[in-house]
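Coordinate analysis (summary)
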Amino acid sequence: MPRTRSRLFPAVVTLATVAVLLGGCSALDGLTGSDDPDASPSASPIATETPYDSQFTRDGTFQSHIDVNGLDFVYTLYPTKSTPRTNEWYPKGNKFFSFTFQAYDLDRGLRDRFATKRMVYLDHITVTSETKTTDGGRVQHPYRLDVVAKDVTFDPEPLTTKYGMIITSPKGAFELRNQKIGGTAPDTRGIDLLFTATVWIQESPGSTKFYKKVIRQKVPIAIFESDKPTQAQSIPVDAN
């Protein structure tokens, strides 16, 4: 707070001090008028209780780490700028998310030469979905994906072999943007996304031998009760 010669200055300082002691920073912000009315953070964690336990909804993102023989397989999901506020994901209306899938060879340092790491190739990926309702009603499937990875990933020219596209960090990663989850029944309170990725793993760095693994992950998403639809915003083609 800048100094002023006004006789009110000691009183303001005292009042501000009391505000900090009683209410912390939020109280002081209210006193000094420092709130930014234009601030509208997207995909921020929410404090309200969710109707279905979901890291994605609560934290504004989801990330899992699945260990396979020292390789860390990482699924990362987040809402896009089209529908960024996960506490405003309602049964009606479309909801949009993006996701990536990548492998880290933790037998090596993150910045070790790429040639010293095991290569992992993603061949095929499927995602199914199923709704969770308040009365155990009919299960719906508002999102589905069943693709050859190299044909749909965001990179139009991924590094590929007969085993698929490379997903070893940092040279490779599978990415899909702005995936649409359709509307569901009014009593929907959650959606499970079920990911299944078929990968080929190099036995050791430089080896010509590979073995096949299937990497699965379930991602719960909370859906909030409302009569109004989820509001999707139009975003630039390169936005995420």
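Heads up: the structure comes first, above all this text.
Here's a quick rundown of the structure. Everything numeric here is computed off the predicted structure, so don't read it as measured data.

Conventions and cut-offs
- Residues numbered from 1 in each chain as written.
- Predicted model: local features only at pLDDT ≥ 70, side-chain atom pairs only at ≥ 80, totals over all residues.
- Heavy atoms only, no water.
- Phe/Tyr/Trp six-rings, centres within 6.5 Å; stacked < 30°, edge-to-face > 60°.
- Helix = DSSP H or I, 4+ residues; strand = E, 2+ residues; numbered from the N terminus.
- Buried < 20%, exposed > 50% of the residue type's maximum accessible area, 1.4 Å probe, protein only.
- Lys NZ or Arg CZ within 6 Å of the ring centre and 35° of its normal.
- Pairing = 2+ DSSP bridges.
- Axes fitted to C-alpha atoms, helices over the stretch in contact; angles between N-to-C directions.

1. Things to note about the packing of aromatic side chains
- This model, assessed by the stated rule, comprises 12 aromatic pairs.
- Judged by centre distance (5.1 Å) and plane angle (70°), the ring pair of Phe99 and Phe195 falls under edge-to-face. You can see Phe99 sitting in strand β3 (residues 95-105) and its partner Phe195 sitting in strand β9 (residues 188-202), a full 96 residues away along the chain.
- Here Phe99 falls in the buried class, since its relative accessible area comes to 0%.
- Ring pairing ties together the aromatic residues Phe73, Tyr75, Phe97, Phe99, Phe101, Tyr143, Phe174 and Phe195, which thus form one cluster.
- Taking NZ or CZ as reference, Arg177 lies 3.8 Å from the ring centre of Phe154, over its face.

2. As for the pairing of strand β1 (residues 62-68)
- Only one face of β1 is covered, namely the face carrying Phe62, Ser64, Ile66 and Val68; the face carrying Gln63, His65 and Asp67 is uncovered.
- As defined by bridge partners, β1 adjoins strand β2 (residues 71-79) across 7 bridges and the pair is classed as antiparallel. Bridging from a neighbouring strand, Ser64 pairs with Tyr75 of β2.
- Here β1 folds back onto β2 in antiparallel fashion, the turn holding 2 residues, of which Asn69 has a positive phi close to 55°.

3. As for the sheet that holds β2
- Spatially, 4 strands are ordered β1-β2-β3-β8 in an open sheet, and the strand pairing comes out antiparallel. Both outer strands of the open sheet, β1 and β8 (174-181), are each paired with one neighbouring strand and no more. Taking the axes of each pair of neighbouring strands and ignoring which way they run, one obtains an average angle of 15° across the sheet.
- Where β2 lies against β3, 9 bridges are found, and the strand directions are antiparallel. Within β3, the residue paired with Phe73 across the bridge is Ala103.

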